[in-house]
Amino acid sequence: AQTVTQSQPEMSVQEAETVTLSCTYDTSENNYYLFWYKQPPSRQMILVIRQEAYKQQNATENRFSVNFQKAAKSFSLKISDSQLGDTAMYFCAFFRYNFNKFYFGSGTKLNVKP
Amino acid sequence: SQTIHQWPATLVQPVGSPLSLECTVEGTSNPNLYWYRQAAGRGLQLLFYSVGIGQISSEVPQNLSASRPQDRQFILSSKKLLLSDSGFYLCAWSVQGQPNTYEQYFGPGTRLTVT
């Protein structure tokens, strides 16, 4: 079974500092995609970053980067220079593309403090 | 550009009443379509997904059903709502075929309260 675990229900960070959100997953497949989605108070789900499992290079998108450790099945999200607008729920997701299915973690609530 | 609509935005229904939530996608054809439910403070639970008209896969046995009467229309229904059906319902779509980054695009959601 595919599972995604986010062990940090809630985190806080001071504005302009760096924070890392953890995510681990369990799969027996070799090819898949991983995503981080953000859900601000508006409840609109927004894609933050994606990582193809066959790529060794970690994905980056401006202040957002991932640390993808395939052997350890770990996919953490680092947010640099945190901004107040980063306050949101963050969901890690695993995509099993042979089955067209996404599996989401339970989320980490990030609070950026001024 | 592609857009996804959901309605209604909010809904309050009594226990035992029927339900119909609608999702439509514009600007693309033959998308994969998904229904998720998010309980308060929880993650997303996949309810149904569809790869084509009339093709529905159910992930969780429950009193909900889904239908895809048209290529870009996805409907979530129930004949009799339960209190446990309360939650935030999200519709999403993704591209079929190539090129594909497998990203899912989410609608604005429907907040359902069953009283």
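Structural data are supplied above this passage.
Below is a summary of the structure that appears in this document. (Residues numbered from 1 in each chain as written. Chains lettered and ligands numbered in written order. Predicted model: local features only at pLDDT ≥ 70, side-chain atom pairs only at ≥ 80, totals over all residues. Heavy atoms only, no water.)

### Things to note about the overall build of chain A
No. 1: Each helix and strand in chain A was counted, giving zero helices and twelve strands.
No. 2: Ordering the α and β elements of chain A from the N terminus gives β-β-β-β-β-β-β-β-β-β-β-β.
No. 3: Relative to its length of 114 residues, chain A is compact, with a C-alpha radius of gyration of 14 Å against a globular reference of 13 Å.
No. 4: If one aligns the C-alpha atoms of chain A with their principal axes, the spans along those axes are about 45 × 25 × 20 Å.
No. 5: Scored against the burial criterion, the 114 residues of chain A give a buried share of 52%.
No. 6: Across chain A, contacts joining residues at least 24 apart in sequence account for 54% of those joining residues at least 6 apart. (Helix = DSSP H or I, 4+ residues; strand = E, 2+ residues; numbered from the N terminus. Rg over C-alpha atoms; globule rule 2.2 N^0.38 Å. Buried < 20%, exposed > 50% of the residue type's maximum accessible area, 1.4 Å probe, protein only. Contact = heavy atoms within 4.5 Å.)

### Overview of the side chain of arginine 37 of chain B
Residue and element names in this part refer to chain B.
No. 1: Here arginine 37 shows up in strand β4 (residues 32-38).
No. 2: Among the polar contacts made by the side chain of arginine 37, one reaches the side chain of tyrosine 89 at a distance of 3.1 Å.
No. 3: For arginine 37, the contacting residues outside a window of four places in its chain are Gly43, Leu44, Gln45, Leu47, Gln62, Leu64, Ser84, Asp85, Ser86, Phe88 and Tyr89. (Polar contact = N/O pair within 3.5 Å; in protein donor to acceptor, adjacent residues only side chain to side chain.)

### Regarding the pattern of salt bridges
Oppositely charged side chains can form a pair if their charged atoms are brought close together.
No. 1: Within the structure shown, the criterion is met by eight salt bridges over all chains.
No. 2: The salt bridge involving glutamate 52 of chain A is made with lysine 55 of chain A; its shortest N-O contact spans 3.7 Å.
No. 3: Looking at glutamate 52 of chain A, the relative accessible area reads 14%, which means it is buried.
No. 4: In this structure lysine 55 of chain A comes out as partly exposed when scored by relative accessible area, which is 38%.
No. 5: Here lysine 101 of chain A ties to glutamate 59 of chain B by a salt bridge, and the two come within 3.0 Å at their closest N and O atoms. Pair noted here: lysine 101 of chain A is in strand β11 (residues 101-104) and glutamate 59 of chain B is in the loop between β6 (55-58) and β7 (64-70), and the two residues belong to different chains.
No. 6: Accessibility expressed as a relative area gives 29% for glutamate 59 of chain B, which makes it partly exposed. (Salt bridge = Lys/Arg side-chain N within 4 Å of Asp/Glu carboxyl O.)

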